[in-house]
Amino acid sequence: MLKSILLSSILSISLFFTVYANDGYNLWLDYQAIQNAELKSEFKSMMDGIYFFGENPTYQAIKNELNTASEKMLNQTPIYTKERLSSTKVWIGTRDQLSQVLSLTEQGEISSLGPDGFWRGPLVFEGKTYYAIIGNKPVGVLYGVYNLLNSIQTKTFNNSSKVSDSPKVKFRMLNHWDNLDRTVERGYAGFSIWDWHRLPGYVDPRYIDYARANASIGINAVSLTNVNANALILTTDFMKKAKVLADIFRPYGIKVFLTARFSAPIQIGGLETADPLDPNVKDFWKEKTDEIYSFIPDFGGFLVKANSEGQPGPHEYKRNHAEGANMLADALSPHGGLLIWRAFVYSFEEDQDRHKQANFEFEPLDGKFRENVIIQVKNGAIDFQPREPFHPLFGAINETNIGMEFQITQEYLGQATQLVYLAPMWEEVLKTRIYRPNPSSTVASLLEGKETTQKNTLMAGVSNIGTDRNWTGHLFGQANWFAFGKQAWNPEITSEEIATEWIKLTFGQNPDMVSKISKIMLESHETAVDYMTPLGLHHIMGRSHHYGPGPWVVGGRADWTAPYYHQADSLGIGFDRTRSGSDALGQYAPEIVEAWSDPKQIPEKYLLWFHHVPWDFKLKNGNTLWEGIAYHYDKGVKDVREMQEIWASLESEIDPEEFDHVRQLLEIQEEEAEWWRNACLLYFQTFSNRPFPSDIEQPEGDLEYYKSLMFPNAPGI
Ligand code: BDP
């Protein structure tokens, strides 16, 4: 008896969890049942009569989305009417398709929103009001529908207000660093979702969910393969595989790009050279490109990493980046394709501060690139550090298209064990005033094409997506994917707005919960900077895998070692990048040079990035630099504990599986934060020779122990 009671209660507990547990697969498209009666009846009445002005694959994708949403939110299937009047409530179509029912003013308003823009709201026709969702192109309609569904989920829907929006950046792109064997460079969420081996025959349903997720946040381009490229992706067999993905993504408005290995003419073309000025090389690329377009007529173009970290490029043939890029751009331009050329270059021979090298190479070439080339520049000059000042190429080249590269995957920011919401970091960069080419220019306004004549604008993000059931390894990694899409659509949006929206879509509406999770998210980046690299420290992580602290890492080329960047000695710490040092600061606009040249004036968050300062240097709050470093590390650890406490207080509000997933990872984050603090403070103390402030938690352990830790199987390499 007892046994059977026990068994049945275990069963009911596990049933309970099976029914309610959320594994995160549905991302922000979870479409939870609507509780609010008024909203429910409003949405229900809309779903009772939807008329599409025409048919095309994107409208089919919209119907599929409406079916999913309505079934989950209302437990009913939408009714699609065959006739646009009578029982119809909702009209869906393009401006052209609705031209007979739109006034000229309305048509003008919609037209000004451009190809991806949408308009939704009430439309009166012959005395009856319809709710219309209109775009200039079907993809705009799709964005409008996602926007509507989002407003229902977040309870911001109002049937009498008109909403319109359009993206400020043309190409909103994910860069996958996925290899053909399915490993992912800097990937922390399992393997690549591209199952190349089973493509083209086997089509994983996940490809569609991936496209839905991207379209719902406005992402319209993806490059499928690692920038450390494999030439095989350009063989006919792989083109057939890529075609399947492109066909799936097309209705969702997403274009496929591939990474092109510069030496492909040698590797798969049987040539002896990849010299961009060689006629046979040009023919190779032209034929390859034509072949790709025969499979994928709307192929986006190539993304290229050349002459960087050992990748082949035009320098082998004494040609410059423009000669390399233009040759590929010429192969693409008859088809309307884009050539995205990365500015992440630094040479093996050059012993100049790595910070300066991209400007050295690209400034002299400004204006020499073809119209269909975009130079893709990382947000900072070193490499996706926890915090970097903006890259000095922004504002320095103004006759060449320039785009942003952010890293969504958290290579240097806790990988997939730490909760670090990246939107505030990106926002900080985007909103920075750069004074060039115009006095009021910001990184955002430049990227939007407002400051120059640039038409092809781009924001790219290195993807954090993998085969993990929840896509991103850490549930909060989803927020970074989501935020990237939102910021690419509108670089002026605030990270707070995005966080609120994501939380509501992911966890629900309770205002107290929303504000608590929002606090965790909004403070998490500063917290990570505190326990990893405060006050402008950078590149002091473990060698090669970049997991955990490694301020002692030496050996090999200088700019792959940590002391190259922190320059700690008995007198002080920091990289002198002013005139008395490498003068990387001199690559910025004069206003910035002036503001940042003085260690007393520069924002303290960049202090050690640009200055080597004595351990007793006085910070703005009166502490010495040494004390300040110690307080930042200490605060970082304490703030992680606060995140844990807030999270723990939400247990009754959050799905048990999601709650426990995050709880466990926060425990790891606390340990890792302590590890960072202990290791870095003990190490820097060997230079500062000063005691730790007595009111911080004293770093424990032994420096030699921290130095001895090895992680040969750390993910992502
Ligand atoms: C660095 C990564 C490396 C990438 C490189 C790049 O450590 O794996 O290949 O950037 O962006 O951050 O090309």
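Calculation notes
- Residues numbered from 1 in each chain as written.
- Predicted model: local features only at pLDDT ≥ 70, side-chain atom pairs only at ≥ 80, totals over all residues.
- Heavy atoms only, no water.
- Helix = DSSP H or I, 4+ residues; strand = E, 2+ residues; numbered from the N terminus.
- Buried < 20%, exposed > 50% of the residue type's maximum accessible area, 1.4 Å probe, protein only.
- Contact = heavy atoms within 4.5 Å.
- Pairing = 2+ DSSP bridges.
- Axes fitted to C-alpha atoms, helices over the stretch in contact; angles between N-to-C directions.
- Left-handed = near helix turned anticlockwise from the far one by under 90°.
- Nonpolar A, V, L, I, M, F, W, Y, C, P; charged D, E, K, R; others polar.
- Near = heavy atom within 4 Å.
- Polar contact = N/O pair within 3.5 Å; in protein donor to acceptor, adjacent residues only side chain to side chain.
- Areas by Shrake-Rupley, 256 points an atom, 1.4 Å probe, with all protein chains shown as cover.
- pLDDT = per-residue confidence, 0-100.
- Salt bridge = Lys/Arg side-chain N within 4 Å of Asp/Glu carboxyl O.
- Domains from an automatic or database assignment.
- Core = buried A, V, L, I, M, F, W, Y, C linked by side-chain atoms within 4.5 Å.

Colleague: Explain the side chain of K288 here, please?
Modeller: Within the fold, K288 resides in helix α9 (residues 279–295). Residue classification places K288 among the buried residues on the basis of a relative accessible area of 11%. Setting aside chain neighbours within four positions, we find K288 in contact with L234, T235, M239 and I268.

Colleague: Help me out: how do you make sense of the sheet that holds strand β3 (residues 118–125) in this one?
Modeller: Note: strands within a sheet are paired through backbone hydrogen bonds, in either parallel or antiparallel orientation. As summarised here, the arrangement of the 5 strands in space is β1-β2-β4-β3-β5, forming an open sheet in which the pairing is mixed. Only two strands of the sheet have a single neighbouring strand rather than two, namely β1 (50–52) and β5 (163–165). Taken pair by pair, the neighbouring strands of this sheet meet at an average axis angle of 25 degrees, ignoring direction. Direction of pairing for β3 relative to strand β4 (residues 128–135): antiparallel, over a ladder of 8 bridges. From the neighbouring strand, G121 faces β4, where its bridge partner is A132.

Colleague: Could you clarify how one ought to interpret the packing of helix α7 (residues 236–249) against α9 in this entry?
Modeller: Helices that pack against each other are described as a pair by the angle of their axes relative to one another and the distance between those axes. Contact geometry of α7 with α9 gives a least axis separation of 9 Å together with a crossing angle of 35 degrees. Between α7 and α9 the crossing geometry is right-handed. On α9, the residues that touch T236, M239, K240 and K243 of α7 are K288, E291, I292 and F295. Of the residues contributing to the contact of α7 with α9, the split by class is 3 nonpolar, 1 polar and 4 charged.

Colleague: Help me out: how do you make sense of the site of the ligand in this one?
Modeller: Around the ligand, a shell composed of 14 residues is seen, among which E185, K305, K378, D383 and E411 lie nearest. One of the side-chain N or O atoms of N228 is found 3.0 Å from an oxygen atom in the ligand. Here an oxygen atom of the ligand sits 2.6 Å away from a polar atom, N or O, in the side chain of D383. Alone, the ligand offers 320 Å² of accessible surface; in the complex the protein occludes 97% of this. A breakdown of the residues in the shell around the ligand according to their chemical character gives 4 nonpolar, 2 polar and 8 charged.

Colleague: When you look at the sheet that holds strand β8 (residues 255–259) in this model, what are you seeing that I'm missing?
Modeller: Reading around the circumference, β6-β7-β8-β9-β10-β11-β12-β13 is the order of the 8 strands in this closed barrel, with parallel pairing throughout. Strand-to-strand twist across the sheet, computed as the mean angle between neighbouring axes with direction ignored, equals 25 degrees. Bridge analysis of strand β6 (residues 171–175) against strand β7 (residues 221–223) gives 3 bridges, and the strand direction is parallel. Residue N175 lies in a different strand from β7, and its bridge partner there is S223. This element, helix α10 (residues 321–332), spans β9 (301–304), β10 (338–342) and β11 (373–378) of the sheet and lies at about 160 degrees to β10.

Colleague: Would you take a moment to explain helix α6 (residues 206–216) for this structure?
Modeller: Because each turn of an α-helix spans 3.6 residues, side chains separated by three or four positions in sequence point in the same direction. Across the 11 residues of α6, 10 count as buried, placing the element largely inside the fold. The complete set of buried residues in α6 reads R206, Y207, D209, Y210, A211, R212, A213, N214, A215 and S216. For α6, the secondary structure elements touched by its buried residues are α3 (57–74), α5 (138–153), β6, β7, α7 and α14 (477–489). Downstream of α6 by a residue or two, G218 has a phi angle that is positive, lying close to 85 degrees.

Colleague: Whenever I open this one, the confidence of the model for the protein confuses me. Can you help?
Modeller: Reading predicted coordinates in detail is not appropriate for stretches of low pLDDT. Model confidence for the protein is summarised by a mean pLDDT of 96, while 97% of its residues fall at 70 or above. Here residues 1–19 is a poorly scored stretch, pLDDT under 50, and it has 1 contact once near neighbours within four places are set aside; other chains count.

Colleague: Honestly, the environment of N67 in this entry has me stumped. Any pointers?
Modeller: By the element assignment, N67 lies in helix α3. The partly exposed category is assigned to N67, whose relative accessible area is 21%. Sequence separation of N67 and P78 is 11 residues, and the distance between their C-alpha atoms is 6.2 Å. Within polar-contact distance, the side chain of N67 engages the side chain of Y80 at 2.7 Å.

Colleague: Explain the pattern of salt bridges to me, please; I cannot follow it from the model alone.
Modeller: Between side chains of opposite charge, a pair can form when the charged atoms approach closely. Scanning the entire structure with this criterion turns up 41 salt bridges. Taking the shortest distance from any N to any O, the salt bridge between D195 and R198 comes out at 2.7 Å. Judged by relative accessible area, which is 5%, D195 ranks as buried. With a closest N to O distance of 2.9 Å, D247 and R250 form a salt bridge. Judged by relative accessible area, D247 falls into the partly exposed class, the value being 31%. Looking at R250, the relative accessible area reads 30%, which means it is partly exposed.

Colleague: What is the right way to look at the domain arrangement of the protein in this model?
Modeller: Often, the extent of an interface is quoted as the loss of accessible area upon association of its parts. Taken domain by domain, the protein holds domain 1 (31–165), domain 2 (172–493) and domain 3 (529–575 + 612–708). Between domain 1 and domain 3, the C-alpha centre-to-centre distance is 50 Å.

Colleague: How do you make sense of the nonpolar core when you look at a structure like this?
Modeller: Generally speaking, nonpolar side chains in soluble globular proteins are found buried as a group. Of all hydrophobic cores here, the largest spans 213 residues; its most connected members are F249, W285, W481, W647 and F684. Considering every element that reaches this core, the biggest residue donor is helix α21 (residues 656–688), with 12 residues. Those residues in contact with F684 that sit more than four places away from it in its chain are L537, I540, P551, H566, A568, I573, W615, W626 and Y633. With 14 residues, the next largest nonpolar core counts W91, I110, L113 and F125 among its residues.

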